[in-house]
Every structure is written in structure tokens, then in C-alpha cells.
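Next come the chains, spelled out residue by residue.
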2 protein chains.
Amino acid sequence: MIGPEIERLIQLLGKLPGLGPRSARRAALHLMKRRESLLVPLSEAMALAAEAIRTCEVCGNIDTRTPCTVCADPTRDRSTICVVEDAGDLWALERTRSYRGTYHVLGGTLSALQGVGPDDLNIASLVERARDGAVKEVILALNATVDGQTTAHVVTDRLAAADVTVSRLAHGVPVGGELDYLDDGTLTAALKARRPF
Amino acid sequence: MIGPEIERLIQLLGKLPGLGPRSARRAALHLMKRRESLLVPLSEAMALAAEAIRTCEVCGNIDTRTPCTVCADPTRDRSTICVVEDAGDLWALERTRSYRGTYHVLGGTLSALQGVGPDDLNIASLVERARDGAVKEVILALNATVDGQTTAHVVTDRLAAADVTVSRLAHGVPVGGELDYLDDGTLTAALKARRPF
């Protein structure tokens, strides 16, 4: 009923996060109706990005250069390394504009279920960086999930060999959040970590 | 913070229906992590689709050939034309496998607000096709919205010159639907159009 080129486009669009089979069809139609203004530019942007992307040899970030923009920036504070699960978390922290140190992207979390062990993550290169005398603090900015916290413990163990302070993000009430909607774990953590007003 | 190629990819992905700025970032990251298995194939599929897409010279459908697959199919019943707003509606009807006639894609609906008049839609070519002696019935499969119904009236007026029966899709209770959740208009229509059991 429709050409194989269009079928394949729909099938591949359906692999994007957030697009199911129905929305992939809608996206394909949207693209085909906007051939010059969207379909062709997006195809070219993807080809350019595929050509340009590099994994940073220092921190594991995804960027179009290696060392990545953050690692190459001379104004960054090299005494602090913020450890994140993946590049999306790094982008989220960068958007806050409240961190001026460097990063280290693990590339995932440990997962017994999915068979991800410590050697599958960029932990060894983190320990190597941390042993460099210039680094004073490693901040673990891992997700507050079971896998994220397991990973945090293992990373902390490995970092014992390096002379650095290991810290983690604060748990507490999200800014703008209402207590009534928070889970017990978060409320308990917020209460325990209360600060003078 | 990230390369211009990646920024542009995120910006263009955000123009797809169903993807906002945040999900466009997630989609870009997803693509970049799957360079060989998704980013490159999707870029190529888009380039191929951009090259291949044609608007059917007969019915206005979007396909990779003209006349489109439906118009070129010799087994299709040429005595019936089903009028739809756009190619997505044609695809939806084709998926039902319950219609074996041909189609006519208007390319939108009349809209006073958006300045879409009868001459902006493929109505003239529909009237021309309907005047061909072989066509017996025109089915209006337009959305049950105000604009869709206005368009249905205008199309019907124009078709008065042709010797065809004009019909529309039935209104009623959606299959699997619960009466309690239906609006009054649909219930009234379903009651009026009741059928012997």
C-alpha cells in the first residue's frame, strides 16, 4: 500500500524513544509533507552528526571533538570530577550552569540482571584520573535508583586507592515540590539532612 | 557545551510531532549512542524517502510512485472514490482492509481562520474524476470536526454537477466504547441512526 522507502522510514522512526508505531507514522507523514523544510535538513543533520560524533578520550562524554568541549575548556576547575551515568545527565547538569568542574561518564550502571559488571563501565579510567594529584574531590551524581546506588558504592570502593574526597548529590525535597506528593524515602532523607534556616 | 552538529540535530528532532525539547535531546542521545544501528540507517532512510516521494497525480496521495500504489492497482474498484483530508487518513482506512475502492486526498480542510479556501484544496480534480462516467459513489471520510463538516458540505455542493451518489461515514458508538464516556452528540447520533438487531 505504501512504498518500501516509506515503510522503512516509519520502522526506523519507531525506534526513537517516545515514538510508538502510530506516532512514527504521524512523524513520517509530517516529514514527507515538509520535504524541503524538514526531511532533507534532518537527514543531512543526522549524516553530519554521525560523521562528527566522538567519544571523549578523557571523560567518555559524547561530543564532536575529543577531548570534549568541557575537558578542553581551560577555565574548568580540574580539581573536581563529577561522575554521571551517561552524557544526558552531563547535559542536564551543564544546563544548570552551577557546576564548573569536569565530568566522567561511566556509560551506564552496574546491573546484575543485564550482566553489566564493573569492567563494562569506565571506572578504571576514573580511578586513573583521580590518582592524578590535581584532583581533590569526586562527586557521584548517579541516579537515586538501586542500580545507581550500587554503582556509587563500587566506585567509592575503587576510589579508596586515590587521595580524594568522595561526595554525592543531596537527597531532599525537589524545589517547587509539595510534601504531600513525596514518597516516604525522600521525606525521611530530607528530614535527616535538615539544615539551619 | 556540545558541538553545533549535535545542537542542530536536537533542534530539528524537536520539530517532529510528539517530541518536545526534552524528548528531542533524549532522542538525539539515543541516536548518537546507536550510531551504526540507528543514526546512519535513519539518515539514509530519510535521504532515500526524500528522493523517492511523489504526490500522486490522480488522487493526491503521498507515495513513491505516481499514480500511487492504490491508483495503479488494477484490482481496485474504480466506481467508488473515498475522499480524505490527508494521506494519514488514507493509511488508516487502508489498514482496515475493508475498502477496495480508490481515494482522493484533499490536502486539508477549509478553514476561515487559517485562510484555507476551496481553491487551496484538491476539489476541482475530484469533481473532474467524479464526472467520468465510471464513478458511481463518492464517500466523504472527513473528520467529524467543524472544519471537516464544512468541507464536506462544500465538496457535496461542487459534486452536484456530477452524476454520483455522495455518502458519508456513519456516526455512532465506537466499537469497544462505553456509553458512559461518550459525548451527548455521539450518543444522539447513535440513537437516531439505530439499526434493527
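Scroll up a little and you will see the structure.
Just so you know, these numbers come straight off a predicted model, no measurement behind them. (Residues numbered from 1 in each chain as written. Chains lettered and ligands numbered in written order. Predicted model: local features only at pLDDT ≥ 70, side-chain atom pairs only at ≥ 80, totals over all residues. Heavy atoms only, no water.)

Describe the packing of aromatic side chains, naming the residues involved and giving the relevant values.
All names here are of chain A. Scanning the model with the defined rule gives two aromatic pairs over all chains in all. On the basis of an interplanar angle of 65° and a centroid distance of 5.1 Å, the ring pair of Tyr 99 and Tyr 103 is categorised as edge-to-face. Taken as a pair, Tyr 99 and Tyr 103 share a single burial class, namely buried. (Phe/Tyr/Trp six-rings, centres within 6.5 Å; stacked < 30°, edge-to-face > 60°. Buried < 20%, exposed > 50% of the residue type's maximum accessible area, 1.4 Å probe, protein only.)

Give a detailed account of the packing of helix 2 (residues 21–33) of chain A against helix 3 (residues 35–52) of chain A, specifying residues and quantitative values.
Residue and element names in this part refer to chain A. Direction vectors running N to C along helix 2 and helix 3 enclose 115°, while the axes themselves pass 6 Å from each other. Between helix 2 and helix 3, the angle falls in the class roughly perpendicular. Side by side, helix 2 and helix 3 meet where His 30, Leu 31, Met 32 and Lys 33 of the first sit next to Arg 35, Leu 38, Leu 39 and Leu 42 of the second. Split into classes, the residues belonging to the contact of helix 2 with helix 3 amount to five nonpolar, one polar and two charged. (Axes fitted to C-alpha atoms, helices over the stretch in contact; angles between N-to-C directions. Helix = DSSP H or I, 4+ residues; strand = E, 2+ residues; numbered from the N terminus. Parallel < 35°, antiparallel > 145°, perpendicular 65-115°, else oblique. Contact = heavy atoms within 4.5 Å. Nonpolar A, V, L, I, M, F, W, Y, C, P; charged D, E, K, R; others polar.)

Can you tell me about the nonpolar core, naming the residues and giving the values?
Judged by nonpolar contacts, the single largest core of 76 residues is most densely connected at A:Leu13, A:Met46, A:Trp91, B:Leu13, B:Met46 and B:Trp91. With near-sequence residues (within four places) excluded, A:Met46 lies in contact with B:Leu9, B:Leu13, B:Leu31, B:Leu39, B:Leu42, B:Ser43 and B:Met46. In terms of nonpolar packing, the next biggest core, distinct from the first, is built from 19 residues, A:Val127, A:Ala130, A:Val155 and A:Ala162 among them. (Core = buried A, V, L, I, M, F, W, Y, C linked by side-chain atoms within 4.5 Å.)

Kindly report on the pairing of strand 6 (residues 165–168) of chain B, identifying the contributing residues and their values.
Residue and element names in this part refer to chain B. In this sheet, strand 6 lies alongside strand 5 (residues 137–140) in parallel orientation, the contact comprising four bridges. In the sheet register, Ile 139 faces strand 6, and the bridge partner there is Ser 167. Crossover handedness for the path strand 5 to helix 7 (residues 146–159) to strand 6: right-handed. (Pairing = 2+ DSSP bridges. Right-handed = clockwise from strand over helix to strand, strands pointing away.)

Describe helix 7 of chain B, and please don't skip the residues or the numbers.
Residues and elements named next belong to chain B. Over its 14 residues, helix 7 runs 20 Å from end to end, which matches the ideal 20 Å to within 8%, given 1.5 Å per residue. Turning to helix 7, its buried residues number three or more, namely Gly 148, Thr 151, Ala 152, Val 155 and Leu 159. Seen end-on, helix 7 carries its buried residues on one side only, within an arc spanning 105°. Along helix 7, exposed side chains directed more than 90 degrees from the buried face belong to Val 146, His 153 and Asp 157. (Expected span 1.5 Å × (residues − 1). Arc of directions from axis to C-beta.)

Would you mind going over the sheet that holds strand 3 (residues 77–84) of chain A in detail, with residue names and values included?
All names here are of chain A. Reading across the sheet, the four strands line up as 4-3-5-6 and stay open at both edges, with parallel pairing between neighbours. Both edges of this open sheet fall to strand 4 (101–105) and strand 6 (165–168), since each of them pairs with a single strand only. The mean inter-strand angle of the sheet, taken between neighbouring strand axes irrespective of direction, is 25°. Sheet analysis places strand 3 next to strand 5 (residues 137–140), joined by four bridges and oriented parallel. Opposite Cys 82, over in strand 5, you have Ile 139 as the bridge partner. This element, helix 5 (residues 87–95), spans strand 3 and strand 4 of the sheet and lies at about 160° to strand 4.

Honestly, that's just the spatial picture; any functional story needs more than this.
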